[in-house]
Number of protein chains: 2
Amino acid sequence: MGTAVAEDRIFQALADPSRRRIFESLTRGEAAVKDLTARFDISQPAISQHLGHLKSAGLVNRRRDGRNVYYRVEPRGMKPLIDWIAHYRAFWTERLDRLERLLKTIGEQRLRGGT
Amino acid sequence: MGTAVAEDRIFQALADPSRRRIFESLTRGEAAVKDLTARFDISQPAISQHLGHLKSAGLVNRRRDGRNVYYRVEPRGMKPLIDWIAHYRAFWTERLDRLERLLKTIGEQRLRGGT
DNA sequence: ACAATGAATAAGCGACGACTTATATATAGT
DNA sequence: ACTATATATAAGTCGTCGCTTATTCATTGT
C-alpha cells in the first residue's frame, strides 16, 4: 500500500512556490547557494533546505567548488513528471479534440439557425 | 509580488497522493461522489474536500444529476501545467541531447581503451 | 409532510512543512 | 593556528492541510 512513487516527491517539491522559484532560477543557469541567498528574500538555511528537497526529488545536482556549492538542474529529473502527464496524454488530446469538434458543430448549428 | 499563478493551485492540488489518486480515477471515467467514496478508504467529506480542491484548480468539473453529483476531468485544466513544463522544454531536450552525446562519447572512449 | 439518500459545510484535531535563529562543518587565506 | 566565508544541520515556532465526526442542505420517493 505504501507505494511512494517518483512523481510523488516531484509534485511535492514543485508545489511550494518559493521552491519552484528557486528551481526556475536554476533553469536559467547553475548557481551557488550564496547567489540564491542574494536573489531571494529568505534565509540561507531556508535556501539550503529547499535545495535539499529539490535534490532528493532528483530535480537538481550538487557540485562543490572550494567553499561554494553550485546547484544545477538535473534534466532527467523531470522525466517522471512528464511521463505521468504523458500517461494521460491520449486522454487529454482526445478530449480536447472532441471538445473542439463539439464547439465547431455548435457554431455551425447556430449559423444555420439551429438550437 | 504576490503573483499567484495558475500552476500554483495545480501543483498543490496534485501534490497530495490521495487527491492525485482521485484525479487519476476520474481520468478513467466520470464518477459520482458516492462512487469515489466506495472506491477509496476515506470518508465522504474528505472526498468532497479533495474534489473541491481539484475543482478550484480547474482540473475537474461538476455535474448534478438528481441526488448525485458527478465529477469529470476538465481536459483544459492540465494546460497551465503542460505550458509550465513546455516553457523549459528547450532546456530539457538540449540538456538531454548533450547528455546522450556525452555518454556516447565516453562509451566510445572506453572502447578505444581511453580513461 | 416525512423519511431516506447523496453531497457539502462546520468545527476541531494531529501531523507536517516552511520558516526562523543558533550552531556546526568545510574550505580558503594569512 | 586563527579568521573569514560558504554551506549544512539542529531545534523550535507557527501556520496550513488532510482527516475525522457532526450537522446542514438538496433531492427523491412514499
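For the structure itself, look to the data block above.
Residues numbered from 1 in each chain as written. Chains lettered and ligands numbered in written order. Predicted model: local features only at pLDDT ≥ 70, side-chain atom pairs only at ≥ 80, totals over all residues. Heavy atoms only, no water.

**Q** Describe in detail the overall build of chain A, supporting the description with residues and values.
**A** Each helix and strand in chain A was counted, giving six helices and three strands. Counting across all 115 residues of chain A, residues that qualify as buried make up 37%. Across chain A, contacts joining residues at least 24 apart in sequence account for 50% of those joining residues at least 6 apart. Carbon and sulfur atoms make up 50% of the accessible area of chain A, which amounts to about 7,200 Å² in all. (Helix = DSSP H or I, 4+ residues; strand = E, 2+ residues; numbered from the N terminus. Buried < 20%, exposed > 50% of the residue type's maximum accessible area, 1.4 Å probe, protein only. Contact = heavy atoms within 4.5 Å. Areas by Shrake-Rupley, 256 points an atom, 1.4 Å probe, with all protein chains shown as cover.)

**Q** Talk me through the interface of chain A and chain B; I want residue IDs and the actual numbers.
**A** Interface size is commonly expressed as the accessible area that is lost once the parts come together. Contact residues are listed per partner, giving 26 residues for chain A and 26 residues for chain B. For the pair chain A and chain B, the summed buried surface comes to about 2,700 Å²; carbon and sulfur atoms form 75% of the total. Remark: the boundary between chain A and chain B carries two salt bridges. One salt bridge connects R20 of chain A with D8 of chain B, and the closest N-O pair in it is separated by 3.1 Å. The tally of links from chain A across to chain B stands at four residue pairs in polar contact (both at pLDDT 80 or more). For the side of chain A that touches chain B, the secondary structure elements donating two or more residues are α1 (6-15), α2 (17-27), α5 (79-86) and α6 (89-111) of chain A. Considering every element that reaches the side of chain A that touches chain B, the biggest residue donor is α1 of chain A, with six residues. Residues of the side of chain A that touches chain B, tallied by class, amount to 18 nonpolar, two polar and six charged. (Buried area = accessible area lost by both parts, 1.4 Å probe. Salt bridge = Lys/Arg side-chain N within 4 Å of Asp/Glu carboxyl O. Polar contact = N/O pair within 3.5 Å; in protein donor to acceptor, adjacent residues only side chain to side chain. Nonpolar A, V, L, I, M, F, W, Y, C, P; charged D, E, K, R; others polar.)

**Q** Break down the sheet that holds strand β3 (residues 68-73) of chain B for me, with residues and values.
**A** Residue and element names in this part refer to chain B. Pairing within the open sheet is antiparallel, and its three strands lie in the order β1-β3-β2. Edge positions in the sheet fall to β1 (31-32) and β2 (60-65), since each has one partner strand and no second. Pairing of β1 with β3 involves two bridges; the strand directions are antiparallel. Following the sheet pairing, A32 is matched in β3 by Y70. Its contacts with the sheet put helix α2 (residues 17-27) on β1, β2 and β3, and the angle it makes with β3 is roughly 90°. Lying on the sheet, helix α4 (residues 44-56) is in contact with β2 and β3; it crosses β2 at an angle near 120°. (Pairing = 2+ DSSP bridges. Axes fitted to C-alpha atoms, helices over the stretch in contact; angles between N-to-C directions.)

**Q** Quick one: what's the story with the protein's contact with DNA strand D, residue by residue and with numbers?
**A** Taken together, 26 residues are adjacent to DNA strand D, and K34, S48 and R62 of chain A together with S43 and H50 of chain B come closest. Backbone sugar and phosphate groups make up 66% of those atoms of DNA strand D lying within 4 Å of the protein. Interatomic distance of 2.6 Å between a side-chain N/O atom of R62 of chain A and a phosphate oxygen of DNA strand D. For DNA strand D, a phosphate oxygen lies 2.7 Å from a polar atom in the side chain of Y71 of chain A. Put simply, the parts of the chain that give the surface near DNA strand D at least two residues each are α3 (33-39), α4 (44-56) and β3 (68-73) of chain A together with α2 and α4 of chain B. Grouping the amino acids of the surface near DNA strand D by side-chain chemistry returns eight nonpolar, eleven polar and seven charged. (Near = heavy atom within 4 Å.)

**Q** A description of the sheet that holds strand β2 (residues 60-65) of chain A should follow, citing residues and the corresponding values.
**A** Residues and elements named next belong to chain A. Sheet architecture is open: three strands sit in the order β1-β3-β2, paired in antiparallel fashion. Of all the strands in the sheet, the pair left with one neighbour each is β1 (31-32) and β2. α2 contacts β1, β2 and β3 of the sheet and is inclined by roughly 90° relative to β3. On the sheet, α4 packs against β2 and β3 and is oriented at approximately 120° with respect to β2.

**Q** Outline the relation of the copies chain A and chain B, listing residues and values.
**A** Mapping chain A onto chain B is achieved by rotating through 180° and translating by 0.0 Å along the same axis, at an RMSD of 0.0 Å. Accordingly, the operation relating the two chain copies is best matched by a two-fold axis. In this assembly the copies share their binding face: 100% of the residues contributing to the interface of chain A also contribute to that of chain B. (Least-squares fit on C-alpha atoms with pLDDT ≥ 70 in both.)

**Q** Run through the packing of aromatic side chains, naming residues and quoting values.
**A** Under the criterion given, the structure shown has five aromatic pairs over all chains. Here a set of aromatic residues connected by ring pairs shows up, and it is made of F11, F23 and W84 of chain A together with F11, F23 and W84 of chain B. (Phe/Tyr/Trp six-rings, centres within 6.5 Å; stacked < 30°, edge-to-face > 60°.)

**Q** So what's going on with the protein's contact with DNA strand C? Residues and values would help.
**A** S18, S43 and H50 of chain A together with K34 and R62 of chain B are the nearest of the 25 residues found near DNA strand C. Among the atoms of DNA strand C lying within 4 Å of the protein, the sugar-phosphate backbone contributes 65%. Take V33 of chain B: an N or O atom from its main chain is 3.3 Å from a phosphate oxygen of DNA strand C. The side chain of Y71 of chain B places a nitrogen or oxygen atom 2.7 Å from a phosphate oxygen of DNA strand C. Among the secondary structure elements, those contributing two or more residues to the surface near DNA strand C are α2 and α4 of chain A together with α3 (33-39), α4 and β3 of chain B. In terms of residue class, the surface near DNA strand C is built from eight nonpolar, ten polar and seven charged.

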